[in-house]
Amino acid sequence: MSAAAPQAKVRVAVIGAGLMGREVASAFGRWFSLLDCPVAPELCGVCDVNPAALDWFRQVPSIRHFDTDHRTLLARPDIDVVYVAVPHDLHEALYLDVLRSGKDLFAEKPFGVDLGAARRIRDEASRLGRFVRVSSEFPFLPGARRAFRMASSGDLGRLIEVRSAFLHSSDLDPSKPINWKRRSAQCGEAGVMNDLGLHVAHLPLRLGWRPSHLHAQLQKIYTTRPDGKGGTAACDTWDNAVLHTTVPIGGEPVPMTLEMKRMAPTETNTWIFEALGTDMGVRYSTKEPKTFWTFRRGKEQTWEKTDLAAGLAKAGK
Ligand SMILES: NC(=O)c1ccc[n+]([C@@H]2O[C@H](COP(=O)([O-])OP(=O)(O)OC[C@H]3O[C@@H](n4cnc5c(N)ncnc54)[C@H](O)[C@@H]3O)[C@@H](O)[C@H]2O)c1
């Protein structure tokens, strides 16, 4: 194995030491396993309004700043990039504070709690010339990448229909206590679409498939939940959303369904992408992460199952 090329060090701090703050710290911890990556993040700071949330990060040897006010963290000169993972209603204020502090921004979805906030963040980032990214990780899985390549190749023929979905089921438990993601005031009026929409829209948008028409079916299924203190609280976000859209592809109107659901029985973080054409079709679901399905029109119509791991082994990767 050849020696890795030298990597430029990027000093990163995290604002929001919750689920995703811990997740990104774990990803940085495994960074050395990436090949041919020109940069190496060094996690050097963390900030949360809840001091107890900082404790988990004390096991990360590279962290030297533990703050409870994000302005203190942003004033520190030895930080290049800030990852922000806080409730959605705080995204605009904190993202703008990061950009104005002169640091680059690794943002979380949604990019602002609503369209107005998203535009204000985008405009300030381009006015200041800062580097900003927000992303969904699912399109980078091998099966999703293959689906993207095939869908963009033109080999599918005339597209008949497209389905993109992200499905959860843990909210089916009515005893699950409420949290900020189930409150419109903090999650945003778009509810589950704010939470899961980027995962569903990412691949279609990268393919250039922008809906021209849209019909939404939105559901609020449980309207109350335990408040975690022995009482009950209003749960006012949309739980499930199905968007029936029309996308102009190759000059033809193609039906595309975007599904974002917190109550989809048996589904646990399932990301699905399917595009059916007159000549070929592709189907990939994280429920079967190594399995890639290809439909080919021939004398007989068949779905072909490809084991992605076997394919990688054959290629010597
Ligand atoms: N990319 C993904 O797959 C994915 C998955 C889950 C969540 N998310 C996104 O990550 C973000 C955070 O979600 P989470 O699940 O980590 O939430 P979480 O509730 O687990 O953590 C949020 C943290 O932010 C802290 N916080 C609140 N206000 C703050 C402030 N002013 N300054 C500093 N810290 C503050 C809270 O104390 C909490 O510890 C959201 O935007 C969410 O949509 C992304």
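Residues numbered from 1 in each chain as written. Predicted model: local features only at pLDDT ≥ 70, side-chain atom pairs only at ≥ 80, totals over all residues.

**Student:** Even after reading the chapter, I still don't get the sheet that holds strand β11 (residues 240-249), so can you show me in this structure?
**Tutor:** In a beta sheet, neighbouring strands pair by backbone hydrogen bonds and run either parallel or antiparallel. Here eight strands make up an open sheet; going across it, the order is β8-β11-β12-β7-β13-β14-β15-β16 and the pairing mixed. The sheet is open, and its two edges are formed by β8 (213-219) and β16 (301-307), each paired on a single side. Here the strands of the sheet are splayed against their neighbours by 15° on average, with no regard to which way each runs. Relative to strand β12 (residues 252-261), strand β7 (residues 159-167) runs parallel, the two sharing six bridges. Residue pairing across strands places serine 164 opposite leucine 258, the latter belonging to β12. Together, β13 (270-277), β14 (280-285) and β15 (291-297) form the strand contacts of helix α5 (residues 142-153), whose direction differs from that of β14 by roughly 160°. (Pairing = 2+ DSSP bridges. Helix = DSSP H or I, 4+ residues; strand = E, 2+ residues; numbered from the N terminus. Axes fitted to C-alpha atoms, helices over the stretch in contact; angles between N-to-C directions. Contact = placed C-beta atoms within 7 Å.)

**Student:** Help me understand the pairing of β11 in this model?
**Tutor:** The two faces of a sheet get side chains in turn, since along a regular strand they alternate between them. Inspection of the sheet shows β8 paired to β11 by seven bridges, in the antiparallel sense. Pairing of histidine 215 across the sheet is with histidine 244, part of β11.

**Student:** Help me understand the sheet that holds strand β3 (residues 65-67), please; the structure alone is not making it clear to me.
**Tutor:** Spatially, β3-β2-β1-β4-β5-β6 is the arrangement adopted by the six strands of the open sheet, whose pairing is parallel. For this open sheet the edge positions go to β3 and β6 (132-133), each flanked by a neighbour on one side alone. Strand contacts of helix α1 (residues 19-29): β1 (8-15), β2 (39-47) and β4 (81-84), with the helix running at about 145° to β2, the strand carrying the most contacts. Helix α3 (residues 91-100) rests against β1, β4 and β5 (104-106) of the sheet, and its axis sits at about 175° to β4.

**Student:** I'm lost on the pairing of β16 in this one. Help?
**Tutor:** Of all seven residues in β16, zero are buried, a share of ten percent or less. Strand direction decides the pairing type here: β15 and β16, joined by seven bridges, are antiparallel. What sits directly across from threonine 294, in β16, is glutamate 304. Between β15 and β16, which pair antiparallel one after the other, the connecting turn spans three residues. (Buried ≥ 20, exposed ≤ 12 C-beta atoms within 10 Å, placed from the backbone.)

**Student:** Explanation requested: unusual backbone geometry in the structure shown.
**Tutor:** Peptide bonds are mostly trans, and most non-glycine residues show a negative phi. In this structure, proline 110 follows lysine 109 across a cis peptide bond, with omega equal to -5°. Within the secondary structure layout, proline 110 lies in the loop between β5 and α4 (115-128). Although it is not a glycine, aspartate 36 sits at a positive phi angle of roughly 55°. A positive phi is found at threonine 266, a non-glycine position, where the angle reads about 75°. Within the secondary structure, threonine 266 is located in the loop between β12 and β13.

**Student:** Would you explain the site of the ligand in this entry?
**Tutor:** In the region of the ligand, 21 residues are neighbours, and Gly16, Gly18, Leu19, Met20 and Glu108 sit closest. It is α1 that provides the largest number of residues to the shell around the ligand, a total of three residues. Residue classes in the shell around the ligand are distributed as 11 nonpolar, six polar and four charged. (Near = placed C-beta within 6 Å. Nonpolar A, V, L, I, M, F, W, Y, C, P; charged D, E, K, R; others polar.)

**Student:** Explain the domain arrangement of the chain to me, please; I cannot follow it from the model alone.
**Tutor:** What the domain assignment reports for the chain is domain 1 (8-133) and domain 2 (138-314). Centre-to-centre separation of domain 1 and domain 2, based on C-alpha positions: 27 Å. With seven residues of domain 1 at the contact, the number on the domain 2 side is nine residues. Residues that form the side of domain 1 that touches domain 2 fall into these classes: three nonpolar, one polar and three charged. (Domains from an automatic or database assignment.)

**Student:** Sorry if this is basic, but what is going on with the nonpolar core here?
**Tutor:** The tendency in soluble globular proteins is for nonpolar side chains to be buried as a group. In this structure, Ala144, Ala147, Phe166, Val200 and Met260 are the most contacted members of the largest nonpolar core, which totals 35 residues. For this core, the secondary-structure elements that each account for two or more residues are α5, β7, α7 (192-206), β11, β12, β13 and β14. Looking at this core element by element, the count peaks at seven residues for α7. Ignoring any residue separated from it by four or fewer positions in sequence, one finds valine 200 in contact with Ser164, Ala165, Phe166, Leu258, Glu259 and Met260. Counting 30 residues, the second largest nonpolar core, distinct from the first, contains Cys44, Leu73, Val84 and Val98. (Core = buried A, V, L, I, M, F, W, Y, C linked by C-beta atoms within 7 Å.)

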